[in-house]
Amino acid sequence: MTDETLQPRVLVDGIGRRYDTPQGSVQALQDVTFDVSAGEFVCIVGPSGSGKTTLFRIIAGLEPATTGTVYLGGDPVEGPGPELGLVFQEYHLFPWRTVSGNVGFGLEKQGVNSERRQQRVDELLELVGLDGFADSYPRDLSGGMKQRVALARALAVNPDLLLMDEPFGAVDAQTKRMLQDELLDIWSETGKTILFVTHDVEEAVKLADQVIVMASEPGRIREIVEVDMDRPRSRSDAEFGDYYERILGLIQS
Ligand code: ADP
Ligand code: MG
């Protein structure tokens, strides 16, 4: 038996991942170790190719590590589990399903009856600001709205851990800021633990309790920066600027 209260929510312990391809061997991750407490918001930034997506796939149990172990609530990850929500840059919505059908997909698979499902879907659509769009199809939605649907779908089965891989990378700047504010509201309302990959340093400083800065070749942690600032955070604060410059410097060094 593991005592949940003493365990970090996520422990990434000595993770390495090598890919052997006909072109040669790639060390996508090397000796990556960090932990995340329950309810923390952690951002991962780093250049393209520094292993961020690979790390998420390993945490989610979608692929094995070459070395090391990931623990969720003290238990080693051995394959895909139901206990986390995934949101990617590409929305991965089912085009033939309505918004409501997309959000309710996981509940349907769990065998939740249609009345309870509808109730939960309505709550979620309100939470992400999409009430009124239940019967729309993905093709009729903007990028920002599709990403809200993807978030509602990830939240539907009530996971306490969310993994978000560049979720706002494909939306315009103004929509991105709105989505960031909404995500922070949802995070403080629900107490979820969030791991969030971004290549946008400003986004990381705005959102995170901790920013994990990655470097590439091999993919590894360069430094972990704790962001000790009250929320809401303003880009125009000097302190915000200091964190921004420091993290950008780490990425470019
Ligand atoms: P990031 O998300 O930070 O851009 P990735 O995790 O996608 O980085 O990739 C890290 C490294 O691993 C890159 O060099 C990439 O080419 C390589 N890589 C990722 N997936 C595979 C795979 N399935 N086969 C071979 N190489 C891969
Ligand atoms: Mg990636």
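Being a predicted model, the structure only gives us computed values, none of them experimental. (Residues numbered from 1 in each chain as written. Chains lettered and ligands numbered in written order. Predicted model: local features only at pLDDT ≥ 70, side-chain atom pairs only at ≥ 80, totals over all residues. Heavy atoms only, no water.)

**Q** Which residues make up the sheet that holds strand β4 (residues 67-72), and what values go with them?
**A** Ordered by their spatial adjacency, 4 strands build an open sheet running β2-β1-β4-β5, and the pairing between neighbours is antiparallel. The open sheet has two edge strands with one neighbour each: β2 (24-36) and β5 (75-76). Of the pairings in the sheet, the one linking β4 to β5 comprises 2 bridges and is antiparallel in character. Across the sheet, Y71 pairs through a bridge with P76, a residue of β5. (Pairing = 2+ DSSP bridges. Helix = DSSP H or I, 4+ residues; strand = E, 2+ residues; numbered from the N terminus.)

**Q** Lay out helix α6 (residues 173-190) with the relevant residues and their values.
**A** The terminal C-alpha atoms of α6 lie 26 Å apart, and with 18 residues this matches the ideal 26 Å at 1.5 Å per residue to within 8%. Among all positions in α6, only T175, K176, L179, Q180, L183, L184, I186 and W187 are buried. Turning to α6, the residues buried within the fold contact β3 (41-45), α4 (114-127), α5 (143-156), β7 (161-165), β8 (193-197) and α7 (201-207). N-capping of α6 is provided by D172, with a side-chain oxygen placed 3.2 Å from the backbone N of Q174. (Expected span 1.5 Å × (residues − 1). Buried < 20%, exposed > 50% of the residue type's maximum accessible area, 1.4 Å probe, protein only. Contact = heavy atoms within 4.5 Å. Polar contact = N/O pair within 3.5 Å; in protein donor to acceptor, adjacent residues only side chain to side chain.)

**Q** I'd love a proper account of the pattern of salt bridges, names of residues and values included.
**A** Enumeration over the complete set of coordinates arrives at 12 salt bridges. Through salt bridges with shared partners, a single ionic network connects R17, R57 and E63. (Salt bridge = Lys/Arg side-chain N within 4 Å of Asp/Glu carboxyl O.)

**Q** For the UniProt feature "domain: ABC transporter" (unreviewed entry) in the protein, give the residues involved together with the corresponding values.
**A** The UniProt record marks residues 10-241 with the feature "domain: ABC transporter" (unreviewed entry), using the residue numbering of this structure. Helix makes up 32% of residues 10-241 and strand makes up 28%, while its end C-alpha atoms are separated by 29 Å. (UniProt positions renumbered as here; feature names shortened; annotations may be inferred.)

**Q** Kindly report on the site of ligand 1, identifying the contributing residues and their values.
**A** Surveying the vicinity of ligand 1 reveals the residues Y19, T21, V26, A28, P47, S48, G49, S50, G51, K52, T53 and T54. The separation between an oxygen atom of ligand 1 and a polar main-chain atom of S50 is 3.2 Å. Broken down by secondary-structure element, the contributors of at least two residues to the shell around ligand 1 are β1 (10-21), β2 and α1 (52-59). It is α1 that contributes the most residues to the shell around ligand 1, 3 residues altogether. Broken down by class, the residue content of the shell around ligand 1 amounts to 4 nonpolar, 7 polar and 1 charged. (Near = heavy atom within 4 Å. Nonpolar A, V, L, I, M, F, W, Y, C, P; charged D, E, K, R; others polar.)

**Q** If you had to explain the side chain of T198 to someone new, which residues and values would you point to?
**A** Tracing the backbone through its elements, the reader meets T198 in the loop between β8 and α7. The exposure class assigned to T198 is buried, which follows from its relative accessible area of 3%. Residues within four places of T198 in sequence aside, it is in contact with I44, V45, G46, E166, E203 and A204.

**Q** Provide a residue-level description of a negative patch on the surface, including the pertinent values.
**A** A contiguous patch of negative charge, built from E226, D228, D230, D237, E239, D242 and E245, is present on the exposed surface. Counting residues per element, the negative patch draws most heavily on helix α8 (residues 238-252), which supplies 3 residues. Tracing the backbone through its elements, the reader meets E245 in helix α8. (Patch = residues over 30% accessible without salt bridge, like charges linked within 9 Å, V, L, I, M, F, W, Y side chains within 5 Å. Areas by Shrake-Rupley, 256 points an atom, 1.4 Å probe, with all protein chains shown as cover. Lys, Arg positive; Asp, Glu negative; His and termini not counted. Charge placed at Lys NZ, Arg CZ, Asp CG, Glu CD.)

**Q** Which residues make up the sheet that holds β8, and what are the values?
**A** Pairing within the open sheet is mixed, and its 6 strands lie in the order β6-β7-β8-β3-β9-β10. The open sheet has two free edges, formed respectively by β6 (84-88) and β10 (220-226), since each of these has just one partner strand. Across the sheet, the axes of successive neighbouring strands diverge by a mean angle of 15°, strand direction being ignored. In this sheet, β10 lies alongside strand β9 (residues 210-215) in antiparallel orientation, the contact comprising 6 bridges. If you follow Q210 over to β10, its bridge partner there is E226. (Axes fitted to C-alpha atoms, helices over the stretch in contact; angles between N-to-C directions.)

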